[in-house]
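# Structural description and commentary
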2 protein chains.
Amino acid sequence: MEKIEILGLIAAALTTSSFIPQVYKAWKFKSTKDISLTMYMVFIIGTVLWLIYGIAINSLSVMVANTITTVFALFIIIAKIKYK
Amino acid sequence: MEKIEILGLIAAALTTSSFIPQVYKAWKFKSTKDISLTMYMVFIIGTVLWLIYGIAINSLSVMVANTITTVFALFIIIAKIKYK
């Protein structure tokens, strides 16, 4: 693996895992009033397109990051709808 | 510009602009209780690394997206600290 791909994977690990505390917080406290549903609806369409882009440019980092981030964003959207 | 770069830029436009409603909501209602500070602290380190990665792989979409997203994330962090 190229060195730059390692940097990309670290970046991917950070932006992806960053959503974990938000998912945890939303589900634990069952409170999502301050979270913008519009943000996550637009965001998730974006991450799906990023995934397609990542496949097209053959960037492992972009692919992995956006697959997992899409799942986390989905969990936040579900929490937002459930605990609005 | 290659067609795939256009898809990348649309993806970038979506994931980037998605933060606008969250920035607006946080600053308008001065309420950020449900927003995870940890998320945005980890996230912003990630977007800075993504920016470096984007420069390295010469991906305009990755560069533009992560520059602007870093700024929006910063606005959310400031709101979170200001209105905690």
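Values in this document were obtained by computation on a predicted structure and should not be read as measured data.

What counts and how
- Residues numbered from 1 in each chain as written.
- Chains lettered and ligands numbered in written order.
- Predicted model: local features only at pLDDT ≥ 70, side-chain atom pairs only at ≥ 80, totals over all residues.
- Heavy atoms only, no water.
- Salt bridge = Lys/Arg side-chain N within 4 Å of Asp/Glu carboxyl O.
- Buried < 20%, exposed > 50% of the residue type's maximum accessible area, 1.4 Å probe, protein only.
- Least-squares fit on C-alpha atoms with pLDDT ≥ 70 in both.
- Contact = heavy atoms within 4.5 Å.
- Buried area = accessible area lost by both parts, 1.4 Å probe.
- Helix = DSSP H or I, 4+ residues; strand = E, 2+ residues; numbered from the N terminus.
- Nonpolar A, V, L, I, M, F, W, Y, C, P; charged D, E, K, R; others polar.
- Core = buried A, V, L, I, M, F, W, Y, C linked by side-chain atoms within 4.5 Å.
- UniProt positions renumbered as here; feature names shortened; annotations may be inferred.
- Polar contact = N/O pair within 3.5 Å; in protein donor to acceptor, adjacent residues only side chain to side chain.
- Expected span 1.5 Å × (residues − 1).
- Arc of directions from axis to C-beta.

With that settled, the discussion passes to the pattern of salt bridges. Residues and elements named next belong to chain A. Summed over all chains, the structure comprises two salt bridges over all chains. The partner of Lys-33 in a salt bridge is Asp-34, and the shortest N-O contact between them spans 2.8 Å. Given the relative accessible area of 3%, Asp-34 is considered buried.

Moving on to the relation of the copies chain B and chain A. Rotating chain B by 180° about the axis while translating it 0.0 Å along that axis superimposes it on chain A, leaving an RMSD of 0.0 Å. The symmetry that links the two subunits is that of a two-fold axis. Identified as the residue of chain B closest to the rotation axis by C-alpha distance is B:Asp34, at 2.7 Å. The overlap is high: 100% of the interface residues of chain B also sit at the interface in chain A, so the same surface is used on both sides.

Across the contact, 40 residues belong to chain B and 40 residues belong to chain A. Carbon and sulfur atoms make up 72% of the area that chain B and chain A hide from each other, which totals about 3300 Å². The tally of links between chain B and chain A comes to zero salt bridges. Going through the elements one at a time, helix H1 (3-17), helix H2 (19-29), helix H3 (37-57) and helix H4 (60-82) of chain B are the ones with two or more residues in the side of chain B that touches chain A. Looking at the side of chain B that touches chain A element by element, the count peaks at 14 residues for H3(B). Across the side of chain B that touches chain A, the residue classes break down as 22 nonpolar, 13 polar and five charged.

What follows concerns the nonpolar core. A:Phe19, A:Tyr40, B:Phe19 and B:Tyr40 are the most contacted members of the largest nonpolar core, which totals 28 residues. Mapped by element, the contributors of at least two residues to this core are helix H2 (19-29), helix H3 (37-56) and helix H4 (60-82) of chain A together with H2, H3 and H4 of chain B. Apart from residues lying up to four places away in sequence, B:Tyr40 is in contact with A:Met39, A:Tyr40, B:Phe19, B:Gln22, B:Ile35, B:Ala73, B:Ile76 and B:Ile77.

Moving on, we come to the environment of B:Ile57. Tracing the chain through its elements places B:Ile57 in helix H3. B:Ile57 has contacts with A:Ile4 and A:Ile57, leaving out every residue within four places of it along the chain.

Let us look at the UniProt feature "transmembrane region" (unreviewed entry) in chain A. Residue and element names in this part refer to chain A. If you check UniProt for "transmembrane region" (unreviewed entry), the listed places come out as residues 6-24, 36-56 and 62-81 in our numbering. Annotated as residues 6-24, this span is 95% helix and 0% strand, and its ends, taken at the C-alpha atoms, are 27 Å apart. Secondary structure across residues 36-56 divides into 95% helix and 0% strand, with the first and last C-alpha atoms of the span separated by 30 Å.

Time to look at the side chain of A:Thr32. Position of A:Thr32 among the secondary structure elements: in the loop between H2 and H3. Polar contacts involving the side chain of A:Thr32 include one to the main-chain carbonyl oxygen of A:Tyr83, which spans 3.1 Å. Excluding its chain neighbours within four sequence positions, the residues that come into contact with A:Thr32 are A:Ala26, A:Ala79, A:Lys80, A:Tyr83, A:Lys84 and B:Asp34.

Located in the positive-phi region is A:Asn58, a residue other than glycine, with phi close to 60°. Look at A:Asn58 and you get exposed, because its relative accessible area is 63%.

In an α-helix there are 3.6 residues to a turn, and that puts residues three or four apart on one side. Between the first and last C-alpha of H1(B) there are 21 Å, a value that for 15 residues agrees with the 21 Å anticipated at 1.5 Å per step. Along H1(B), the residues that are buried comprise B:Glu5, B:Gly8, B:Ala11, B:Ala12, B:Thr15 and B:Thr16. Along the axis of H1(B), the buried residues cluster in a sector spanning 125°; they form a single face. If you follow the buried residues of H1(B), they end up packed against H3 of chain A together with H2 and H4 of chain B.

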